[in-house]
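Secondary and tertiary structure notes
Spelled out, the chains give:
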Amino acid sequence: MDVNPKSPPLPGRKQLSQGAQMHTILGDLKHAMLQDDNRRCAECRWEHSPQWASVTYGVFLCSRCAAEHRKLGLETSFVRSLSQDAWTRGQVERMLAGGNRRIKGFLHKNQL
């Protein structure tokens, strides 16, 4: 998992060295990944420990569902690998603000 250290600091956090910033961002993303609802794919709910994410929707995905999201195009779903792609602070913040539980609640509330 790689992080772009040039992103502005998270609200409420002081300016850190690049190494410390990357460590903090990766820790935040890892924290989001370990939440119960994020331990399964948001789409199929089958695969444990998804290795992909849709930054657009703030959800964690299995490789099969991530491939389907990629087919939709960047305008619809921006997909990142949790271990192989570079992440910006803004992308990690979207994942922290989202999550599989939130999207599931939204879809249920709106009967989608």
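Right, let's walk through the structure included here. (Residues numbered from 1 in each chain as written. Predicted model: local features only at pLDDT ≥ 70, side-chain atom pairs only at ≥ 80, totals over all residues. Heavy atoms only, no water.)

1. Describing unusual backbone geometry
Positioned with a positive phi, Arg 45 is a non-glycine residue whose angle comes to about 60°. Residue position: Arg 45 is located in the loop between α1 (18-33) and β2 (52-54). Unusually for a residue other than glycine, Gln 111 sits at a positive phi of about 50°. (Helix = DSSP H or I, 4+ residues; strand = E, 2+ residues; numbered from the N terminus.)

2. A few points about the sheet that holds β2
Pairing is antiparallel across the open sheet formed by 3 strands, whose spatial order is β3-β2-β4. The sheet terminates laterally at β3 (59-61) and β4 (79-81), the two strands that pair on one side only. Across the sheet, the mean angle from the axis of one strand to that of its neighbour is 30°, orientation sign disregarded. Two strands pair when backbone bridges link them, and β2 and β4 are joined in this way by 3 bridges, in the antiparallel orientation. The partner of Ala 53 across the bridge, within β4, is Arg 80. (Pairing = 2+ DSSP bridges. Axes fitted to C-alpha atoms, helices over the stretch in contact; angles between N-to-C directions.)

3. Brief notes about the layout of surface pockets
There is about 210 Å³ of room inside the largest pocket. Every residue lining the largest pocket is listed: Asp 37, Ala 42, Glu 43, Arg 45, Tyr 57, Val 59, His 69, Asn 100, Arg 101, Ile 103, Lys 104 and Leu 107. In terms of residue count, helix α4 (residues 100-109) provides more of the lining of the largest pocket than any other element does, 5 residues in total. Counted by class, the lining of the largest pocket contains 5 nonpolar, 2 polar and 5 charged residues. (1 Å grid on protein atoms, 1.4 Å probe; cavity = no way out; pocket = protein on both sides within 12 Å on 5 of 7 lines; lining within 4 Å. Points joined across faces, edges and corners; volume = space filled by probe spheres on them. Nonpolar A, V, L, I, M, F, W, Y, C, P; charged D, E, K, R; others polar.)

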